[in-house]
Amino acid sequence: MAFPWAEVLKRVYPALSARYNVVVGGSQVFYVNLGLALPSKDVDLFIEEFNPLELSRLIAEALGLLEERFEFFRRGDNQIFNFFAKVERGVVAVEVMSRTHLGKISETPLFEEVRHVEREGVFYWTLSLEAYAVLQATRPDGPRDVDLARFVLVFDEVDWGRAGRLAERLGVGNRFNMFRDLVRVRVRGGVRQDRGSTLS
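Residues numbered from 1 in each chain as written. Predicted model: local features only at pLDDT ≥ 70, side-chain atom pairs only at ≥ 80, totals over all residues. Heavy atoms only, no water.

**Quick word on the overall build of the chain**
To be explicit about the condition: Numbered from the N terminus, helices here are DSSP runs of H or I no shorter than four residues, and strands are runs of E no shorter than two. With C-alpha atoms as the basis for the radius of gyration, the globule rule is written as 2.2 Å multiplied by the number of residues raised to the power 0.38. Throughout, exposure labels follow a simple rule: accessible area from a 1.4 Å probe, protein chains only, divided by the maximum for the residue type, with under 20% read as buried, over 50% as exposed, and the rest as partly exposed. A contact between two residues is defined here by any heavy atoms of the two lying within 4.5 Å. For the area figures, the Shrake-Rupley method with a 1.4 Å probe applies, and any residue is considered shielded solely by the protein chains shown. Only four residue types enter the charge count: Lys and Arg as positive, Asp and Glu as negative, with His and the chain ends excluded. For the purpose of locating charges, the reference atoms are NZ of Lys, CZ of Arg, CG of Asp and CD of Glu.
Assigned secondary structure in the chain consists of seven helices and seven strands. For the chain, the α and β elements follow one another from N to C terminus as α-β-α-β-α-β-β-β-β-β-α-α-α-α. Here the C-alpha radius of gyration of the chain, 17 Å, is about what a compact globule of 200 residues would show, namely 16 Å. Across its three principal directions, the C-alpha atoms of the chain cover 50 × 35 × 30 Å. The buried share of the chain, reckoned over its 200 residues, is 52%. Residue pairs in contact within the chain that sit at least 24 positions apart in sequence constitute 63% of those at least 6 positions apart. When the accessible surface of the chain is totalled, it reaches about 10000 Å², and 48% of it is carbon and sulfur. For the chain, the distance from the average position of its 27 positive side-chain charges to the average position of its 28 negative side-chain charges is 3 Å.

So, in structure tokens, the structure goes:
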């Protein structure tokens, strides 16, 4: 199944990456690394230094939009930008953040987990599955059920040992291990869905 966010990503990423260093995050990591597109209402990207007005113009031009609707705010050291793109059915938000909750990608071991991947004719810089697992395991509000379900779905694709070592280097080993163990319990309990699942 094709989701509106996938077309938005394919059009917006080249436009932004021509001007900025852009790393794919969020559930789009599954799409770029594995070709697995899951339901989502937004596109998550990381750009450490950016001009919100320029981002808005680049995205609008890439999508052929005459109207630009966006918000920009700070949450601690994180600069967060959301562009609201109208699609055939609803709105897809393009969210750009300057850092993860574990720090800037370039200043942490996460930098070593950035991959250059081609997907459907577009070249992306993306976080690895292992880095994304660590980030979702250590969310400030705790791991979500949807994240557990998604990693059950791709359990065999993740190098859990490497992810664990990354978590230790980031000082979040215990929290990651709890997440990994919850995923394993679900896998062993047979709580798996096929890749046509509508996880959201």
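And the narrative resumes.
**Notes on the nonpolar core**
Stated precisely, the cut-off is as follows: Nonpolar core, defined: a set of buried Ala, Val, Leu, Ile, Met, Phe, Trp, Tyr and Cys residues in which side-chain atoms within 4.5 Å join the residues together.
Phe30, Leu127, Val134, Phe151, Trp160, Phe176 and Val183 are the most contacted members of the largest nonpolar core, which totals 37 residues. Counting residues per element, the ones that place at least two in this core are helix 2 (28-34), helix 4 (129-137), helix 5 (145-153), helix 6 (160-169) and helix 7 (173-188). Of the residues forming this core, the biggest block, seven residues, is contributed by helix 4. Those residues in contact with leucine 127, other than ones at most four positions away along the chain, are Val23, Val24, Gly25, Val29, Asn33, Phe46, Ile105, Leu110, Glu113, Val114 and Leu135. Judged by nonpolar contacts, the second largest core, of 32 residues, contains Val22, Val24, Leu55 and Ala60.

**A short note on the packing of helix 4 against helix 5**
A packed helix pair is summarised by two numbers, namely the angle formed by the two axes and the spacing between the axes. Heads up, the rule is: The axes are straight lines fitted to the C-alpha atoms, using for helices just the contacting stretch, and the angles between their N-to-C directions are given from 0 to 180°. Oblique is the label for any angle not under 35 degrees, not over 145, and not in the 65 to 115 range, which are roughly parallel, roughly antiparallel and roughly perpendicular in turn. In this scheme the crossing of two helices becomes right-handed for a clockwise turn of the near helix relative to the far one and left-handed for an anticlockwise turn of less than a right angle. Lys, Arg, Asp and Glu make up the charged group, whereas Ala, Val, Leu, Ile, Met, Phe, Trp, Tyr, Cys and Pro make up the nonpolar group; the residues left over, Gly among them, are polar.
Contact geometry for helix 4 and helix 5: axes closest at 11 Å, N-to-C directions at 155°. Classified by the angle their axes make, helix 4 and helix 5 are roughly antiparallel. In this structure, helix 4 crosses over helix 5, and the sense of that crossing is left-handed. Listed contacts from helix 5 to Leu129, Tyr132, Ala133 and Gln136 of helix 4 are Asp147, Arg150 and Phe151. Here the residues of the contact of helix 4 with helix 5 sort into four nonpolar, one polar and two charged.

**Examining unusual backbone geometry**
The backbone phi angle of glutamate 120 is positive, close to 55°, even though this residue is not glycine. Mapped onto the fold, glutamate 120 is located in the loop between strand 6 (114-119) and strand 7 (122-127). For glutamate 120, a relative accessible area of 52% corresponds to the exposed category.

**Focus: the pattern of salt bridges**
Operational definition: Think of a salt bridge as a Lys or Arg side-chain nitrogen and an Asp or Glu carboxyl oxygen that are within 4 Å of each other.
Going through the model one piece at a time under the given rule, you end up with 15 salt bridges. Of the charged contacts in the structure, one is a salt bridge between lysine 10 and glutamate 7, with a shortest N-O distance of 3.8 Å. On the criterion of helical spacing, the pair formed by lysine 10 and glutamate 7 is a turn pair, its members being three residues apart in helix 1 (residues 4-17). Since its relative accessible area comes to 23%, lysine 10 is described here as partly exposed. What makes glutamate 7 partly exposed here is its relative accessible area of 41%. Notably, a salt bridge pairs arginine 186 with aspartate 145, separated by 2.3 Å at the nearest N-O pair. Of this pair, arginine 186 sits in helix 7 while aspartate 145 is found in helix 5, placing the two residues 41 residues apart along the sequence.

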